[in-house]
Structure formats: C-alpha cells, structure tokens
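Observations on the three-dimensional arrangement
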Amino acid sequence: MDNYLQLVELLYWRDVKTSGVVFGASLSLLLSLTLCSIVSVSSYIGLALLSVTICFRIYKGILQAIQKSDEGHPFKLYLDQDVALSEGTVHKYSDCVLARFNTTVTELRRLFLVEDLVDSLKFAVLMWILTYVGALFNGLTLFILGLVGMFSCPIVYEKYKVQIDHYVGMASKQVKDIIATHTLLKKIKGTLKEHNVTP
C-alpha cells in the first residue's frame, strides 16, 4: 500500500523535482536504447557514474590535503550502509511475483486450450490487433509512449476532470444509443422474418 501511494504521488507530480528526475531519467534511458544497444547504454551510464564518483573522491582528497583535515572517505556514510536485501523482503516480493506468474500461466492455459470459446475468441482478436500495433511500433516505442502517458494523463485528467468527464459521458451516451438502435433494428428484422414480411 505504501509503494502504491508513492507511485501515485510520483505520477501526479506531487513532488515536481522527484517526478521530473524519474521521468527525465526513464525517458532518457528509453531514448538511448532506441539509438544504442543495452550493453552500450549500460556501459555509458556506468562510465558516467564512475567519472563523477572518481572526480569527487579526488577533489575531496585534494581539499583535505590542502586544509590538512582528517574527514576520511567522502562516501563513508554510504559505504557503511547495509544494502543487502533481507530474507523477508526477498520472500515477500518473490511470493508476489510467483502468485502473478501462476495466475498468468493458468489464464493463458485457459485461453489457449479454449475452456471458454468467447474468451478465447476475444483473446484471438486482441492478438490480431497487436500484430498491427507491432507492425507500426516496436517495443521500445510503445514503452516510451506508455511512459509519457503515465506521467501526463493523470495530471491532465486531474486538471481538466470536469471537461473530460463531460465529453466521456457524451461519447458513452452516443455508444449506448447506437447499440440500442442496432439491437432494436435486429429485433424488428427478427419479427418481420417471423411473419414472412420483407423489409
């Protein structure tokens, strides 16, 4: 629940600085992956981080030598922190992942082995639509669009909630009217067929 609240705060830009850093870093990483391989991108990120930490360490060493201070290692605070994952945390998240994996496998088995014909046909239509999506976009482009949508849609909806709800309501009413008209026409045609009347 705590992680969920943090995610909501991040996506709704409650702390603009944090959301901006996460969005900018994620978008930069995905855009980099469109230009270079994941190995190159990982290497460049590693080199950039190492360059910063090495330069900072040398700078602090020179500063300590000039000032004749004995502050010690500049990253000592972080080096002393325990970064190992606890057994409880690993079990908690592995149990969640395992439960999701089992649910997904069970659902896929149900769909592919046609336990319910209607659900399997819906899944087939979804797969067919995804073939067209895949022809237009590659996976990384979809990730980029998804990331931009995640960080922009919630805040836009929050800002223009009344107008969006109004137009969604209008569109929903139109769709319901079309479906009702279509159903009525089918009933009329069925009645006419029963009485052998040609429309």
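Residues numbered from 1 in each chain as written. Predicted model: local features only at pLDDT ≥ 70, side-chain atom pairs only at ≥ 80, totals over all residues. Heavy atoms only, no water.

1. Observations concerning the overall build of the protein chain
Note the cut-off: Counting from the N terminus, the helices are the DSSP runs of H or I reaching at least four residues and the strands are the DSSP runs of E reaching at least two. The reference for a compact globule is 2.2 Å times residues^0.38; the radius of gyration itself is calculated from the C-alpha atoms.
Secondary structure summary: the protein chain contains eight helices and zero strands in total. Ordered by position from the N terminus, the helices and strands of the protein chain form the series α-α-α-α-α-α-α-α. In terms of C-alpha radius of gyration, the protein chain reaches 28 Å, well past the compact-globule figure of 16 Å for 199 residues. Across its three principal axes, the protein chain shows a C-alpha extent of roughly 105 × 45 × 35 Å.

2. A closer look at helix 3 (residues 38-67)
For an α-helix the count is 3.6 residues per turn, leaving residues at separations of three or four pointing the same way. Put simply, the test is: The length a helix should cover is 1.5 Å for every residue beyond the first.
The terminal C-alpha atoms of helix 3 lie 43 Å apart, and with 30 residues this matches the ideal 44 Å at 1.5 Å per residue to within 8%. After helix 3 finishes, the residue Lys68 shows a positive phi value of roughly 55°.

3. Considering the UniProt feature "transmembrane region" (unreviewed entry) in the protein chain
Note the threshold: UniProt positions are given in the numbering used here, feature names are shortened, and annotations may be inferred rather than shown by experiment.
Under the UniProt annotation, "transmembrane region" (unreviewed entry) lies at residues 20-50 and 125-151. Between the end C-alpha atoms of residues 20-50 there is a gap of 23 Å, over a span that is 94% helix and 0% strand.

4. Quick word on the side chain of Ser120
Applied cut-off: Buried residues are those whose accessible area, probed at 1.4 Å on protein chains only, stays under 20% of the maximum for their type, while exposed residues exceed 50% and partly exposed ones sit between those limits.
When you line up the elements, Ser120 lands in helix 6 (residues 117-136). For Ser120, a relative accessible area of 10% corresponds to the buried category.

5. Concerning the nonpolar core
Defined as follows: Each nonpolar core is a collection of buried residues, namely Ala, Val, Leu, Ile, Met, Phe, Trp, Tyr and Cys, held together in the definition by side-chain atoms within 4.5 Å. The contact definition used throughout considers only heavy atoms, calling two residues in contact when any of these lie within 4.5 Å.
Within the largest apolar cluster, seven residues are counted, these being Leu10, Leu11, Phe23, Leu30, Ile144, Leu147 and Phe151. Secondary structure elements with two or more residues in this core: helix 1 (2-11), helix 2 (16-35) and helix 7 (139-159). A per-element tally of this core places helix 7 first, with three residues. Ignoring sequence-local partners within four residues, the contact set of Phe23 consists of Trp13, Leu147, Val148 and Phe151.

6. Things to note about unusual backbone geometry
With a phi close to 55°, Lys68 is a non-glycine residue in the positive phi region. Mapped onto the secondary structure, Lys68 falls in the loop between helix 3 and helix 4 (76-80). By relative accessible area, Lys68 is classed as exposed at 74%. A positive phi angle, near 50°, is found at Val114, a position not held by glycine.

7. Section: a nonpolar patch on the surface
Let me state the cut-off plainly: Surface patches are drawn from residues lacking salt bridges whose relative accessible area is over 30%; two like charges belong together within 9 Å, two nonpolar side chains (Val, Leu, Ile, Met, Phe, Trp, Tyr) within 5 Å. Only the protein chains shown count as cover for residues, with accessible areas throughout obtained via the Shrake-Rupley method and a probe of 1.4 Å. What makes a salt bridge here is a side-chain nitrogen of Lys or Arg within 4 Å of a carboxyl oxygen of Asp or Glu, nothing more.
The grouping of Leu50, Ile54, Ile58, Ile62 and Ile66 at the surface amounts to a nonpolar patch, some 500 Å² of accessible area in total. Relative to the assigned elements, Ile58 resides in helix 3. The exposure class of Ile58 is partly exposed, given its relative accessible area of 48%.

8. Details of the UniProt feature "domain: Reticulon" (unreviewed entry) in the protein chain
Under the feature "domain: Reticulon" (unreviewed entry), the UniProt entry names residues 7-178. End C-alpha to end C-alpha, residues 7-178 measures 38 Å, and it is 84% helix and 0% strand.

9. Quick word on the packing of aromatic side chains
Our working rule: Only centres within 6.5 Å qualify two rings of Phe, Tyr or Trp (six-membered ring in Trp) as a pair; their planes then separate them into stacked at under 30 degrees, edge-to-face at over 60, and tilted for everything else.
One pass over the full model with this rule turns up six aromatic pairs. On the basis of an interplanar angle of 45° and a centroid distance of 5.1 Å, the ring pair of Phe23 and Phe151 is categorised as tilted. Note that Phe23 is positioned in helix 2 and Phe151 in helix 7, a separation of 128 residues in sequence. Like Phe23, the residue Phe151 is buried in the burial classification. The interplanar angle of 85° and the centroid separation of 5.4 Å between the aromatic rings of Phe112 and Phe123 together place this pair among those described as edge-to-face. A residue pair is termed long-range when its members are at least 10 positions apart, and Phe112 in helix 5 (residues 87-112) and Phe123 in helix 6 qualify at eleven residues. Taking the relative accessible area as the measure of exposure, Phe112 reaches 58% and is therefore exposed. Take Phe123: its relative accessible area is 17%, and that puts it in the buried class.

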